[in-house]
Amino acid sequence: MFFELPVISVAIWLPIIFGILVLATGDDKNAPLARILAMVGAVLGFLVTIPLYTGFVRDTSDMQFVEMHAWISRFNIHYHLGVDGISVLFILLTSFFTPIVVLAGWKVIEKRVAQYMASFLIMSGIMIGVFSSLDAVLFYVFWEAMLIPMFLIIGVWGGANRVYAAVKFFLYTLLGSLLMLVALIYLYNKTGGSFEILDFHLVAIPMTAQILIFIAFFTAFAVKVPMFPVHTWLPDAHVEAPTGGSVILAAIMLKVGAYGFLRFSIPIVPDASHRLAGVMIALSLIAVVYIGLVALTQTDMKKLVAYSSISHMGFVTLGLFIFNEYGMEGALLQMISHGFVSGALFLCIGVLYDRMHSRNIADYGGVVKTMPVFAAFFMLFAMANVGLPGTSGFVGEFMVILGTVKSNFWYAFAAASTLIFGAAYTLWMYKRVIFGAVANAHVAELTDLTLREKVIFTVLAFTVLGMGLYPLPLSEILHVSVNDLLVHAARSKLP
Amino acid sequence: MDSMTNFMPAAPEIFLLVMTCVILITDSLLKNSSRMVTYMLVQLTLMICALITVGTHVNGVTYIFHGMFVDDLMSDVLKLLTYLAVSMMLVYSRLYLTVRGLFSGEFMALTLFATLGMMVMISANNFLTLYLGLELLSLSLYAMVALQRDSAAATEAAMKYFILGALASGLLLYGMSMLYGATGSLGLEAVSHAIQSGHANKTLVVFGLVFVVSGLAFKLGAVPFHMWVPDVYHGAPTAMTMLIGSAPKLATFAFVARILVEGLQPLVQHWSGMLVILAIGSMALGNITAIAQTNLKRMFAYSTIAHMGFLLLGFISGSIEGYGSSMFYAVVYALMSLGAFGMIMLLSRAGFEADTLDDFKGLNQRSPWLAFMMLLLMFSMAGVPPTVGFYAKFSVLNAIVQSGYVWLAVVAVLFSLIGAFYYLRIVKLMYFDAPETHTKIVFEPDTTLLISVNSLGVLLLGLLPGALMSVCAVSVRQSLLLH
């Protein structure tokens, strides 16, 4: 009975409808109602995605839970949704984080509560749409629509330099998207009038065109990941975004870029992907090593975690473009893990920021004396960020390094340096913030976690540890789809 | 079917003309306080025109008056949209003009004459009819811009508009006369046949074409013939700017389509080359210059230039799909432009024009609903889904990629990225900045309802664009005969 419901459509539209309802509660007089409504929407939104996991058939790479309706017949565009082993995990990640973000902004956001909560709910629906679209135009619509709420989230509720960050974020991402649009239209004409992503996977394309398409996709996806030369919007956006915004950015938005590489670049233009893999690997390694060093010098906690995210995402793109099973599966696990870990770290910083209104490392010291429970949670997430065995961070990094060794030892050598840099910047920050003598009177007055915060962190801690100790439930879902993708990637599509 | 006795296809035009005369006489008998009667009469006239247009629709293409006038699906669709745009413009501008003392019988009569001009342009099938419609529209607009006699800016704008407009008409006529000399005919079909057959003097034809294209570019406001646009948009009272910026774009689309496609399709390689330059110039100059504007009406003027560049792209593709996408673009643009100018008028009060960027600061705090409506309009103009502006750009881009102009598509999206910046700035001002004034916004029920319908329409058409797209595609396909 339950499976006859269009599960994905419900997962997309339920949060959006709740978002509109929350908006309708109007101004801040009704803020409590807005909060409760948002929470109900977010939790329901999570619950409806559970059948995607339980009902998922693990031994096929075909699309599942498929929905298909005609949408714009003039261009043969369909409302076509479906998930495979790759996208289903991202959908779960998205719906999982929505209640957490709502909860994280429960007390902190006091102005324009309804608009804030609504933005996140709508955002959540749109992102699920991105991960489940099988029609290129539908994908593009969701992809671009994502920009509008995020632009407002950063610009309205952000910090001092929020406007600059919001505009930078918007224009950077729009540049890439528009070039992608041209590539999609080109492919539409190439396939003889189909916008089905799966049809794009089959069409033969000459090398020059493949390379141009790859570049167009690259500008779109690399900006979102973000990869090395186009990463500069991320620290700005993160620093200025409210905690919830940072969490969504780090945990989900960055994955959208890597997902794009998986769904578009690699299977649609495999020959160009192989040809340009060297460049991609080089950029990834620069991100891993150079950005790791940059992170070391940060004085702002949020900036530090933002740079750490770029460095970790470098691992992901590295894993994708070495084209073997370990690399790709590791990259996917790394993405999921990074979602949880970086989300948790931003929440930790949010907890401190709410109390002290400072993100400066120098303003802290000896927090463990006043917030012992918090210090313990923070420790766990910091260790996961470093990639300590037993936490989720380890599995992905290990697999990517393993995969890289197979293709080239020196790549692996450079990539493995992150284990040192990562440990250095994360633990050094942790030491300066948490340990030492109590730095000032403000730190001495800190209060430990509230029940609401404890709930959030407990859930995240269990997930991080669970994934680290027993990753099988995730990898068994990925496995078949990843293998299929690799088969696609290995098949030349030159005419 | 071509006969001198069949008047039915021109019934809407005839009815409108009669009603305009009736309204002129009635209005002169009315007191100033009962101007609403005229207003209601005008709205009623437009509504009946719509009914007549629907009622007299026949399948296929009908020529009357010895091929001077054509009635087809495209003309009917465009006419219906023109009535709608004009009627919306009247609703938006009623209060705005009343407090400025411009809500007069002349205004409404001129509006109807301009509408008649547009209808003639849409249905013309002969160089002379085309010119007749264009001049009727233009002369009415010149007078409307000058209607605010005590405003120096408006007078200056009217003067510029008139002189440059007259020059453009001259160019157009000169081009037409050359084509007439080369082909011996003024009928679009005959001109097309004559060129196709190769009997016409090629040099003369192409020479004439250059003048015709220049004249068209003038009317569209494409670079380098755009000089009048910013001054006129800025100087004219906002209601007139709205009229200039909305419905005439539909008529101009028809005008360009009739001349270039129906009349001069055999010269497609020649004119599409010229249009490439016009389009790139318009998109570049329009988008880049708009960034520097602090006045909203001026900014929209430059944005219009850029949008017209985009509209031309559809013609460049030289395919029937391309012309359909251009028509879709024109319709969507008219809708967005109505909303944007409507918002300016909604926020304006007696003696105060809300036409600078600063007037939009903090609108979200003064009225979240209006801010959201404006947000939709701005994202639509920038071409961000899920608004209809995206599909307008999408279908045009698709058409040019199909014709092999991938590089042109890349150029177009790069310029629309630049364009996104200044639309985004308005959203930024509305949402991120603190308001400069806390004057209460006066909500008139009719305009508030209309702006909501208008902006939500932009969103709704963005979610379900298929129907309108198909209407445009089908009407172009059925109407523009490629001889």
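Conventions we followed
- Residues numbered from 1 in each chain as written.
- Chains lettered and ligands numbered in written order.
- Predicted model: local features only at pLDDT ≥ 70, side-chain atom pairs only at ≥ 80, totals over all residues.
- Helix = DSSP H or I, 4+ residues; strand = E, 2+ residues; numbered from the N terminus.
- Rg over C-alpha atoms; globule rule 2.2 N^0.38 Å.
- Buried ≥ 20, exposed ≤ 12 C-beta atoms within 10 Å, placed from the backbone.
- Contact = placed C-beta atoms within 7 Å.
- pLDDT = per-residue confidence, 0-100.
- Nonpolar A, V, L, I, M, F, W, Y, C, P; charged D, E, K, R; others polar.
- Expected span 1.5 Å × (residues − 1).
- Pairing = 2+ DSSP bridges.
- Axes fitted to C-alpha atoms, helices over the stretch in contact; angles between N-to-C directions.
- Parallel < 35°, antiparallel > 145°, perpendicular 65-115°, else oblique.
- Left-handed = near helix turned anticlockwise from the far one by under 90°.
- Core = buried A, V, L, I, M, F, W, Y, C linked by C-beta atoms within 7 Å.
- Arc of directions from axis to C-beta.

Chemist: Provide a residue-level description of the overall build of chain B, including the pertinent values.
Modeler: When its secondary structure is counted, chain B shows 20 helices and three strands. Taking 23 Å as the expected radius of gyration for a compact globule of 483 residues, we find that chain B reaches 21 Å, a close match to that expectation. Of all 483 residues assigned to chain B, the portion counted as buried reaches 60%. For chain B, the proportion of contacts with a sequence separation of at least 24, taken over those separated by at least 6, is 80%.

Chemist: Just give me the short version of the overall build of chain A, but keep the residues and values in it.
Modeler: Helix and strand counts for chain A come out as 22 helices and two strands. At 22 Å, chain A has a C-alpha radius of gyration in line with the 23 Å of a compact globule built from 495 residues. The dimensions of chain A, computed from C-alpha atoms along their principal axes, are 70 × 55 × 45 Å. Here chain A holds 495 residues, and the buried ones make up 61% of them. Considering only residue pairs separated by 6 or more positions, chain A has 80% of its internal contacts joining residues 24 or more positions apart.

Chemist: Could you give an account of the confidence of the model for chain B, naming the residues involved and the relevant values?
Modeler: Overall, the prediction assigns chain B a mean pLDDT of 89, with 99% of residues at 70 or greater. Listed scores for the predicted complex are pTM 0.89 and ipTM 0.87.

Chemist: Now, about the interface of chain A and chain B: what can you tell me, with residues and values included?
Modeler: Interfaces are often described in size by the accessible area the parts lose on coming together. Each side of the interface is counted separately: chain A has 29 residues, and chain B has 25 residues. Looking at the side of chain A that touches chain B, the elements with two or more residues in it are strand E1 (64-72), helix H5 (136-145), helix H6 (147-157) and helix H7 (162-190) of chain A. Here the side of chain A that touches chain B gets 15 residues from one element, more than from any other, and that element is H7(A). Taken together, the residues that form the side of chain A that touches chain B break down as 23 nonpolar, three polar and three charged.

Chemist: If you had to explain helix H4 (residues 105-123) of chain B to someone new, which residues and values would you point to?
Modeler: Given a rise of 1.5 Å per residue, 19 residues ought to cover 27 Å, and the 27 Å separating the end C-alpha atoms of H4(B) matches this to within 8%. With respect to burial, H4(B) is a largely interior element, 18 of its 19 residues being buried.

Chemist: Which residues make up the pairing of E1(A), and what are the values?
Modeler: Residue and element names in this part refer to chain A. Pairing geometry for E1 and strand E2 (residues 77-83), over six bridges, is antiparallel. Counterpart to His 69 in the pairing with E2 is Tyr 79. In this structure, the hairpin formed by E1 and E2 is closed by a connection of four residues, where Asn 76 is found at a positive phi of approximately 60 degrees.

Chemist: Which residues make up the packing of helix H2 (residues 31-54) of chain A against helix H3 (residues 85-104) of chain A, and what values do they have?
Modeler: Residues and elements named next belong to chain A. Contact geometry of H2 with H3 gives a least axis separation of 8 Å together with a crossing angle of 160 degrees. The angle between H2 and H3 falls in the class roughly antiparallel. As for how H2 packs across H3, the hand of that crossing is left-handed. Here H2 contributes Ala 38, Met 39, Ala 42, Val 43, Gly 45, Phe 46, Thr 49, Leu 52 and Tyr 53 to the contact with H3, which in turn contributes Val 88, Ile 91, Leu 92, Ser 95, Phe 96, Thr 98, Pro 99 and Val 102. Tallied by class, the residues present in the contact of H2 with H3 amount to 13 nonpolar, four polar and no charged.

Chemist: With reference to specific residues and values, describe the nonpolar core.
Modeler: Met117(A), Val182(A), Met121(B), Val145(B), Leu250(B), Val331(B) and Met374(B) are the most contacted members of the largest nonpolar core, which has 396 residues in total. Looking at this core element by element, the count peaks at 19 residues for helix H14 (residues 320-347) of chain B.

Chemist: Run through helix H7 (residues 188-197) of chain B, naming residues and quoting values.
Modeler: Residue and element names in this part refer to chain B. Within the sequence span of H7, burial applies to Leu 188, Val 191, Ser 192 and Ile 195. Buried residues of H7, viewed axially, fall in a sector of 100 degrees; they line one side. Contact partners of the buried residues in H7: helix H6 (152-183), helix H8 (202-220) and helix H11 (247-263). Looking one or two residues past H7, Gly 198 carries a phi angle of roughly 85 degrees, positive in sign.

Chemist: Pulling in residues and values, what's your account of the packing of helix H18 (residues 392-407) of chain A against helix H19 (residues 409-434) of chain A?
Modeler: All names here are of chain A. At a minimum axis separation of 6 Å, H18 and H19 run at an interaxial angle of 150 degrees. Between H18 and H19, the angle is such that the two are roughly antiparallel. Here Val 400, Ile 401, Thr 404, Val 405 and Ser 407 of H18 lie close against H19, whose contacting residues are Phe 409, Tyr 411, Ala 412, Ala 415 and Ala 416. Residue classes in the contact of H18 with H19 are distributed as eight nonpolar, two polar and no charged.

Chemist: So what's going on with the environment of Met121(B)? Which residues, and what values?
Modeler: Within the element layout of this structure, Met121(B) appears in helix H4. Discounting chain neighbours no more than four positions away, the residues touching Met121(B) are Leu130(B), Gly133(B), Leu134(B), Leu137(B), Ala251(B), Ala254(B) and Phe255(B).

Chemist: Help me get a handle on the environment of Leu78(B), residues and values and all.
Modeler: You can see Leu78(B) is positioned in helix H3 (residues 73-99). Separated by 45 residues in the primary sequence, Leu78(B) and Ser123(B) place their C-alpha atoms 9.5 Å from one another.

Chemist: Can you break down unusual backbone geometry residue by residue, with the values?
Modeler: The omega angle of the peptide bond from Val225(A) to Pro226(A) is -15 degrees, so this bond is cis rather than trans. One can find Pro226(A) in the loop between helix H9 (207-224) and helix H10 (233-240). With an omega of 5 degrees, the peptide bond between Val223(B) and Pro224(B) qualifies as cis. Tracing the backbone through its elements, the reader meets Pro224(B) in the loop between H8 and helix H9 (228-235). The phi angle at Phe65(A) is positive, at roughly 55 degrees, despite the residue not being glycine. Position of Phe65(A) among the secondary structure elements: in strand E1. Despite not being glycine, His357(A) has its phi angle at roughly 55 degrees, a positive value. Structurally, His357(A) can be placed in the loop between helix H15 (325-356) and helix H16 (367-370).

Chemist: Explain the environment of Thr49(A) residue by residue, including any values.
Modeler: Residues and elements named next belong to chain A. Mapped onto the elements of the fold, Thr 49 is located in helix H2. Considered as a pair, Thr 49 and Thr 94 are 45 residues apart in the sequence and their alpha carbons are 9.7 Å apart. Apart from residues lying up to four places away in sequence, Thr 49 is in contact with Ala 11, Ile 91, Leu 92 and Ser 95.

Chemist: Tell me about the confidence of the model for chain A, and please be specific about residues and values.
Modeler: Residues with a pLDDT of 70 or more make up 99% of chain A, whose mean pLDDT is 86. Averaged pLDDT values over the elements of chain A bottom out at 80 in helix H20 (residues 441-444) of chain A and peak at 91 in H5(A).

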